[in-house]
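# Chain and residue survey
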Amino acid sequence: GHIEQRGMGVVSKYTVGMAIFYAPGFLMGHLHAKLGGWTTDGYTLPYRLWMQLGVMAYFFIGLWVLRKLLLRYAGEWSVAMVLVALGLGTNLFYYVIVDPGMPHATLFMAVTWLMHFSIKFYERPGWGYSSMLALTASLICLVRPNHVILWAIPMLYGVHSLSSAKERM
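Everything quoted here is computed from the prediction, not taken from an experiment. (Residues numbered from 1 in each chain as written. Predicted model: local features only at pLDDT ≥ 70, side-chain atom pairs only at ≥ 80, totals over all residues. Heavy atoms only, no water.)

### Focus: the overall build of the protein chain
As a reminder, the rule being used: Strands are runs of DSSP state E lasting at least two residues, helices are runs of H or I lasting at least four, and both sets are numbered from the N terminus onward. Exposed residues in this analysis have more than 50% of their type's maximum accessible area, buried residues have under 20%, and partly exposed residues fall in between, with area computed by a 1.4 Å probe over protein chains only. Whether two residues are in contact is decided by their heavy atoms, any of which lying within 4.5 Å being enough.
Helix and strand counts for the protein chain come out as eight helices and two strands. Starting at the N terminus, the α and β elements of the protein chain follow one another as β-β-α-α-α-α-α-α-α-α. Oriented by its inertia axes, the alpha-carbon framework of the protein chain measures out at about 60 × 50 × 30 Å. Within the protein chain, the proportion of its 169 residues that are buried is 30%. In the protein chain, once contacts between residues fewer than 6 apart in sequence are set aside, the share between residues at least 24 apart is 51%.

### A few points about helix α2 (residues 45-70)
Applied cut-off: Expected helix span is taken as 1.5 Å per residue step, with the number of steps being one fewer than the number of residues.
Taking 1.5 Å per residue, 26 residues should reach 38 Å; α2 reaches 37 Å between its end C-alpha atoms and fits that length. By the burial criterion, the buried members of α2 are P46, Y47, G54, V55, Y58, F59, G62, L63, V65, L66 and L69. Contact partners of the buried residues in α2: α1 (17-36), α3 (76-89), α4 (91-97) and α5 (104-123).

### Observations concerning the pattern of salt bridges
Note the following rule: Put simply, a salt bridge is a Lys or Arg side-chain nitrogen that is within 4 Å of an Asp or Glu carboxyl oxygen.
The final tally for this structure, using the stated rule, is three salt bridges. The residue K120 makes a salt bridge to E123 at a minimum N-O spacing of 3.9 Å. You can see K120 and its partner E123 sitting in helix α5, three residues apart, about one turn around the helix. Given a relative accessible area of 24%, K120 falls into the partly exposed group. Overlapping salt bridges bring together R72, K120 and E123 as one network.

### A word on the packing of aromatic side chains
This is how it is decided: When two rings of Phe, Tyr or Trp (its six-membered ring) have centres within 6.5 Å they constitute a pair, described as stacked for plane angles under 30 degrees, edge-to-face for angles over 60, and tilted for the intermediate range.
Per the counting criterion, the structure on display carries nine aromatic pairs. Grouping aromatic residues by their ring pairs yields a cluster made of F59, F60 and F108.

### Description of the nonpolar core
Quick reminder of the rule: Take the buried Ala, Val, Leu, Ile, Met, Phe, Trp, Tyr and Cys residues and link them wherever side-chain atoms come within 4.5 Å; each set so joined is a nonpolar core.
Of all hydrophobic cores here, the largest spans 15 residues; its most connected members are F21, L114, I140, V143 and L150. Taken together, the elements giving at least two residues each to this core come down to α1, α5 and α6 (127-143). A total of six residues in this core trace back to one element, the largest contributor, which is α5. Setting aside chain neighbours within four positions, we find L150 in contact with V111, L114 and I140.

### Topic: the environment of P145
Among the structural elements, P145 can be located in the loop between α6 and α7 (152-156). For the pair formed by P145 and G17, sequence separation is 128 residues and the distance between their alpha carbons is 9.4 Å.

### Quick look at the side chain of T136
Its location among the elements puts T136 in helix α6. For T136, a relative accessible area of 9% corresponds to the buried category.

### With respect to the packing of α5 against α6
Quick note on the threshold: Axes here refer to lines fitted to C-alpha atoms; in helices the fit is confined to the stretch in contact. Angles between the N-to-C directions go from 0 to 180 degrees. The labels follow the angle: roughly parallel below 35 degrees, roughly antiparallel above 145, roughly perpendicular from 65 to 115, and oblique for the rest. Each helix crossing is assigned a hand: it is left-handed if the near helix lies turned anticlockwise from the far helix by less than a right angle, otherwise right-handed if that turn is clockwise. Note on residue categories: nonpolar means Ala, Val, Leu, Ile, Met, Phe, Trp, Tyr, Cys or Pro, charged means Asp, Glu, Lys or Arg, and polar means any other residue, Gly included.
Between α5 and α6, the shortest axis-to-axis distance is 9 Å and the interhelical angle comes to 155°. With respect to each other, α5 and α6 are oriented roughly antiparallel. Note on packing geometry: the crossing formed by α5 with α6 is left-handed. Together, L107, A110, V111, W113, L114, F117, S118, K120 and F121 of α5 and Y129, S130, M132, L133, T136, A137, I140 and V143 of α6 make up the contact between the two elements. Its residues assigned to classes, the contact of α5 with α6 comprises 13 nonpolar, three polar and one charged.

What follows is the structure, encoded as structure tokens:
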């Protein structure tokens, strides 16, 4: 997680993005450890338990938001099949259950929010949705800076032809 740069010593190549998303689970784990008499070092069972529960919550929130998005375009049965296939038939399931320290489930949730706020912004433009859009896009970039490419989602939402692209510009 660190790189050596000439003249600078050891420099972390990661930002604070995942720490922000881990904070609720970590704080619950710390409270649990403190009240339960566990060592409060961030590594005991209560911390792992609450971090796992936090990642699972992000996963289910992501599925819930995706369901809302997909129901705009397809029926309940089709959406249910897509969610089951996505939730159980992809590597996302692995990263939720086996390797919750990775950012996949968190980014899944954040990208569904990005899509949600993109649609809402164009339906009812205003400071509220634009602020949530900016916050969500920024958090995604704090987790993975190369995901700045996802800012294309709100910029290109509703663009379906060259004339609509020119109009958007």
